Amino acid sequence: MKYYPVLMDIRDKVCLVVGGGAVGTRKTLGLIRAGAKVRVVSPEISPQLEDAAVKDPDQAIELVKRPFQTQDLEGVSLAFAATDNPGVNAVVRQAAARANVMCNAAQGEDKGDFILPSVVARGDLLIAVSTCGASPALAKRMRKELAQAFGPEYGELATLLAGVRRHLLAQGHDPEGHKQLLTALVEQDLAPLIARRKTAEINDILRQFLGDGFSWDDRRRSS
């Protein structure tokens, strides 16, 4: 099976997680980090989820302590069948299909409408790798290799480049020249300099491309 790779904005969207164990907890916390509102349905809820719900200032986690019911899909954008029971997951998957809600299933042959890649997160930089379900072990190994190759400095670089882009847009910079400048700046291999905190060298490069008035120091303070 082939999948279409996409990154979704799920801020303030209601997502359903059926299952309150380790898998359901992991899915729920990941969704919360992405800004979703999560309805967790399960007879048993992990202590970690209980604590997260109590400490949730935005009340983004709704805990429903009972077995899944079809009505739990009302108003839902995405569903996750995250129990350790393939039969229950199949019921959730089928109910989601009838309700036209895209669903991911944690167990069983039918993984649902979408699968989740292994992800390396570096601030706004997300590196996702998937084998389309063929070998999760390989995807996991590749994620570890990518995590070693791309350290936290790449997240800082993404933030810096976002600042450059905003700076150019505010100046009414020519869009085509804007693209060329950003491409050339990326070619300067700034990440190793950021990792070694070579502030003067970074600012020299920025000055060459942007002139005076734009420095890495200022961008770090404002971010």
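The notes below deal with the structure included here. (Residues numbered from 1 in each chain as written. Predicted model: local features only at pLDDT ≥ 70, side-chain atom pairs only at ≥ 80, totals over all residues. Heavy atoms only, no water.)

So, about helix 6 (residues 175–186). Over its 12 residues, helix 6 extends 17 Å from the first C-alpha to the last, a length consistent with the 16 Å expected when each residue adds 1.5 Å. Turning to helix 6, its buried residues are Gly-177, His-178, Leu-181, Leu-182 and Leu-185. Projection of helix 6 onto a plane perpendicular to its axis shows the buried side chains occupying an angular sector of 135°, all on one side. Of the residues in helix 6, the exposed ones pointing more than 90 degrees away from the buried face are Lys-179 and Gln-180. (Helix = DSSP H or I, 4+ residues; strand = E, 2+ residues; numbered from the N terminus. Expected span 1.5 Å × (residues − 1). Buried < 20%, exposed > 50% of the residue type's maximum accessible area, 1.4 Å probe, protein only. Arc of directions from axis to C-beta.)

Moving on: helix 8 (residues 199–210). Compared with an ideal rise of 1.5 Å per residue, which puts 12 residues at 16 Å, helix 8 spans 16 Å between its outermost C-alpha atoms and is within 8% of the ideal. For helix 8, the set of buried residues is Ile-202, Asn-203, Ile-205, Leu-206 and Leu-210. Buried residues of helix 8, seen end-on, are gathered within an arc of 160° and therefore sit on one face of the element. Turned more than 90 degrees away from the buried face of helix 8, the exposed residues are Ala-200 and Gln-208. Following helix 8 by one or two positions, Gly-211 adopts a phi angle in the positive range, close to 80°.

On to the pattern of salt bridges. Taken as a whole and judged by the stated rule, the model has 9 salt bridges. Where Arg-93 meets Asp-113, a salt bridge forms, and the shortest distance between an N and an O atom there is 3.2 Å. Taken together, the residues Arg-93 in helix 3 (residues 86–98) and Asp-113 in the loop between strand 5 (102–105) and strand 6 (118–122) connect sequence positions 20 residues apart. In this structure, Asp-212 engages Arg-207 in a salt bridge whose closest nitrogen and oxygen atoms are separated by 3.4 Å. Its relative accessible area of 66% is what places Asp-212 among the exposed residues. (Salt bridge = Lys/Arg side-chain N within 4 Å of Asp/Glu carboxyl O.)

Moving on, we get to the sheet that holds strand 1 (residues 14–18). Taken in spatial order, the 5 strands of this open sheet run 3-2-1-4-5, and their pairing is parallel. Strands at the two margins of the open sheet, each flanked by one partner only, are strand 3 (61–64) and strand 5. Averaged over all adjacent pairs, the angle separating strand axes in this sheet is 15°, with direction ignored. For strand 1 and strand 2 (residues 37–41), the ladder comprises 5 bridges, and the chain directions are parallel. By the bridge assignment, Val-14 is partnered in strand 2 with Lys-37. The sheet strands contacting helix 3 are strand 1, strand 4 (78–81) and strand 5, and the helix crosses strand 5 at an angle near 165°. (Pairing = 2+ DSSP bridges. Axes fitted to C-alpha atoms, helices over the stretch in contact; angles between N-to-C directions. Contact = heavy atoms within 4.5 Å.)

Fair warning: the whole summary comes from geometry, so function is off the table for now.
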